[in-house]
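Chain residues, written in single-letter form:
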Amino acid sequence: MKAVTWQGKRDVRVEDVPDPRIEEPTDAVVRITSTGLCGSDLHLYEVLTPFMTPGDILGHEPMGIVEEVGSEVPDLRPGDRVVVPFQIACGHCFMCDTGLPTQCETTQVTGEGMGAALFGYTRLYGAVPGGQAEYLRVPQAQYGPIKVPEGPPDDRFVYLSDVLPTAWQAVEYAAVPPGGTLAVLGLGPIGDMACRIARFRGAERVFGVDLVPERLARAQRRGVETYDLRAFDDEKALVHAIQDETGGRGPDAVIDAVGTEAHGSHVAKLVQQTAALMPRKLGGPLAERFSVDRMGALYMAIDLVRRGGTISLSGVYGGMADPMPMLTLFDKQIQLRMGQANVRRWTDRIIPCLTDEDPLGVEDFATHRLPLSDAPHAYEMFQRKQDGAVKVLLRP
């Protein structure tokens, strides 16, 4: 089959790889019909290269048709249409029963000290072959895959794999009070969808911050009050502008949907780039022991949120030596919530929103739909924010 493979920094290729097969009785094999390109994939493309191995199959946002199931997968049949969540979880351990499948005790990558295994990600999360491919082996298929109806286009459902539950959890963790205010930093796919969900769930005012014109325009069309970071002399001026709109206090909650690739911090950027360029035997330990994030968005969130407010982190951070302004966090009594999205915890609440009325705008959410063979171009375009690329779907 054809699959998108990682070969090095900014080097992905579509190659022939062996077809997946049933290896465990809880496996399924799914023929992929649509698969997303995620901002987290760009971390592999650019930042987290010390944790990758040439030939790794990328992708964690797939959906398709079940081709084969193992003997211990009672609720799936060949021909079922399914969305596959990005995390691999059993559904019956203590953590899954607690609503935290991202911490699944059956699939935890204990050798790396990490949580549940993920599709198409680094060795830290199991290096499980991903879904930017023609076929995908799905472990723990008795729990993970989400059956969806025939009829509507893939665009209606494919975001259940990651974008929708990640944005839903970001808003849930933000705990915006009824009629409250929310600021979203970063209007890529997760930030954009978080704005839509927040407004759908009753936030009175949603402020969106970015520096890419196409992203700002998309959010503004959905009723978001947008702020172009480039229009301000510095971040403090932007913070004051939004605080002035909220009685001088700041918004009730802030979602950081940017994460480790935020602008700023030239030193942190240098450390990231140095680790990525070093041989893997040297770059891996450097990144694990001394990695730091570019934390401009998080620092802005801390300045911006009102006292006693909440910061919800959905942008990926990976630094082990990040400096945190603990005095400010403590003094402002800021609540901080974060983590990978617990997909199956939220899907039953999200699916009723995926109606013909399409209140979240999923059917026109993608800006680009490309064949799988164009994946190298798609990665480059998305990483460079060219041609208005906000969300890319690949079709095998």
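Please read these numbers as outputs of a predicted model, since none were measured by experiment.

Chemist: Which parts of the structure should I look at to understand the overall build of the protein?
Modeler: Secondary structure assignment for the protein yields 12 helices and 16 strands. A burial count over the protein gives 55% of its 396 residues as buried. A separation threshold of at least 6 residues defines the contact pool for the protein, and within that pool the share at least 24 residues apart is 72%. Counting every atom, the protein has about 16,400 Å² of accessible surface; 51% of that belongs to carbon and sulfur.

Chemist: Teacher, can you tell me more about the sheet that holds strand E11 (residues 225-228) here?
Modeler: Hydrogen bonds between backbone atoms are what pair the strands of a sheet, whose relative direction is either parallel or antiparallel. The strand order across the open sheet built from six strands is E11-E10-E9-E12-E13-E14, with neighbouring strands paired in parallel fashion. The open sheet terminates on both sides in strands that have one partner only, identified here as E11 and strand E14 (335-338). In this sheet, neighbouring strand axes are inclined to one another by 20° on average, regardless of whether the strands run parallel or antiparallel. Here four bridges tie strand E9 (residues 181-185) to strand E12 (residues 253-256), and the two strands are oriented parallel to one another. Note that in E12 the partner of leucine 182 across the bridge is alanine 253.

Chemist: Even after reading the chapter, I still don't get helix H4 (residues 189-200), so can you show me in this structure?
Modeler: Helical periodicity: at 3.6 residues per turn, an α-helix aligns residues three or four positions apart in one direction. For H4, which comprises 12 residues, the first-to-last C-alpha distance of 16 Å matches the rise-based estimate of 16 Å (1.5 Å per residue) to within 8%. With respect to burial, H4 is a largely interior element, 10 of its 12 residues being buried. Within H4 the residues assigned to the buried category are Pro189, Ile190, Gly191, Asp192, Met193, Ala194, Cys195, Arg196, Ile197 and Ala198. Buried residues belonging to H4 abut helix H3 (163-174), E9, strand E10 (205-210), helix H5 (213-221), E12 and helix H12 (375-384). Just beyond H4, the residue with positive phi is glycine 202, at close to 105°.

Chemist: Even after reading the chapter, I still don't get the nonpolar core, so can you show me in this structure?
Modeler: Most often, soluble globular proteins have nonpolar side chains that are buried together. Counting residues in hydrophobic clusters, the biggest one holds 69 residues, and the most contacted among them are Leu58, Tyr159, Leu160, Leu164, Met193, Ile255 and Tyr379. Sorting elements by how many residues they give to this core places H3 first, with eight residues. Leu229, Val239, Val254 and Leu329 belong to the second largest nonpolar core, which has 21 residues in total.

Chemist: Explain the pattern of salt bridges to me, please; I cannot follow it from the model alone.
Modeler: Pairing between side chains of opposite charge can happen when their charged atoms approach one another. One pass over the structure, following the stated rule, counts 24 salt bridges. Aspartate 16 is paired through a salt bridge with lysine 2; the nearest N and O atoms lie 3.2 Å apart. Taken as a pair, aspartate 16 in strand E2 (residues 11-16) and lysine 2 in strand E1 (residues 2-8) lie far apart in primary sequence, 14 residues in all. Given a relative accessible area of 58%, aspartate 16 falls into the exposed group.

Chemist: Would you explain the confidence of the model for the protein in this entry?
Modeler: Predicted coordinates in areas of low pLDDT are best not read in detail. Averaged over all residues, the pLDDT of the protein equals 90, while 89% of them reach at least 70. Scored below 50 in pLDDT, residues 262-268 shows 12 contacts in the model against residues more than four places distant or in partner chains.

Chemist: How should the packing of helix H1 (residues 39-46) against H12 be read in this particular structure?
Modeler: For any two helices packed against each other, the geometry comes down to the angle between their axes and how far apart the axes lie. Orientation of H1 relative to H12, taken along the N-to-C sense of each, is 100°, at an axis distance of 10 Å. What the angle tells us is that H1 and H12 run roughly perpendicular. Between H1 and H12, the residues in contact are Gly39, Asp41, Leu42, Tyr45 and Glu46 and Tyr379, Glu380, Phe382 and Gln383, respectively. A breakdown of the residues in the contact of H1 with H12 according to their chemical character gives four nonpolar, two polar and three charged.

Chemist: Just checking my understanding: could you explain the packing of H3 against H4 for this structure?
Modeler: For the pair H3 and H4, the least separation of the axes is 8 Å and the interaxial angle reads 60°. As the angle between them shows, H3 and H4 are arranged oblique. Note that H3 runs across H4; the crossing there is right-handed. Residues Val163, Leu164, Thr166, Ala167, Trp168 and Val171 of H3 touch H4, and the partners they reach there are Pro189, Ile190, Met193, Ala194, Ile197 and Ala198. For the contact of H3 with H4, the residue count by class is 11 nonpolar, one polar and no charged.

Chemist: Sorry if this is basic, but what is going on with the sheet that holds E1 here?
Modeler: Read across the sheet, three strands follow the order E2-E1-E4 without closing on themselves; strand pairing throughout is antiparallel. Here the strands that pair on one side only, and so sit at the sheet edges, are E2 and strand E4 (56-57). With two bridges joining them, E1 and E4 adopt antiparallel strand pairing. From the neighbouring strand, threonine 5 faces E4, where its bridge partner is isoleucine 57.

Chemist: Honestly, the packing of aromatic side chains in this entry has me stumped. Any pointers?
Modeler: What characterises a pair of aromatic rings is the spacing of the ring centres plus the angle enclosed by the ring planes. All told, the structure shown has five aromatic pairs when counted by the stated rule. Relative to tyrosine 379, the ring of tyrosine 45 has its centre 5.4 Å away and its plane inclined at 40°; by these criteria the two rings are tilted. Remark: tyrosine 379 occurs in helix H12 and tyrosine 45 occurs in helix H1; sequence separation between them is 334 residues. Residue classification places tyrosine 45 among the buried positions, given a relative accessible area of 5%. Here a set of aromatic residues connected by ring pairs shows up, and it is made of Phe207, Tyr227 and Phe232. Between arginine 344 and the ring centre of tyrosine 143, over which it is positioned, the NZ or CZ distance is 5.4 Å.

Reading guide: rules and limits
Residues numbered from 1 in each chain as written. Predicted model: local features only at pLDDT ≥ 70, side-chain atom pairs only at ≥ 80, totals over all residues. Heavy atoms only, no water. Helix = DSSP H or I, 4+ residues; strand = E, 2+ residues; numbered from the N terminus. Buried < 20%, exposed > 50% of the residue type's maximum accessible area, 1.4 Å probe, protein only. Contact = heavy atoms within 4.5 Å. Areas by Shrake-Rupley, 256 points an atom, 1.4 Å probe, with all protein chains shown as cover. Pairing = 2+ DSSP bridges. Axes fitted to C-alpha atoms, helices over the stretch in contact; angles between N-to-C directions. Expected span 1.5 Å × (residues − 1). Core = buried A, V, L, I, M, F, W, Y, C linked by side-chain atoms within 4.5 Å. Salt bridge = Lys/Arg side-chain N within 4 Å of Asp/Glu carboxyl O. pLDDT = per-residue confidence, 0-100. Parallel < 35°, antiparallel > 145°, perpendicular 65-115°, else oblique. Nonpolar A, V, L, I, M, F, W, Y, C, P; charged D, E, K, R; others polar. Left-handed = near helix turned anticlockwise from the far one by under 90°. Phe/Tyr/Trp six-rings, centres within 6.5 Å; stacked < 30°, edge-to-face > 60°. Lys NZ or Arg CZ within 6 Å of the ring centre and 35° of its normal.

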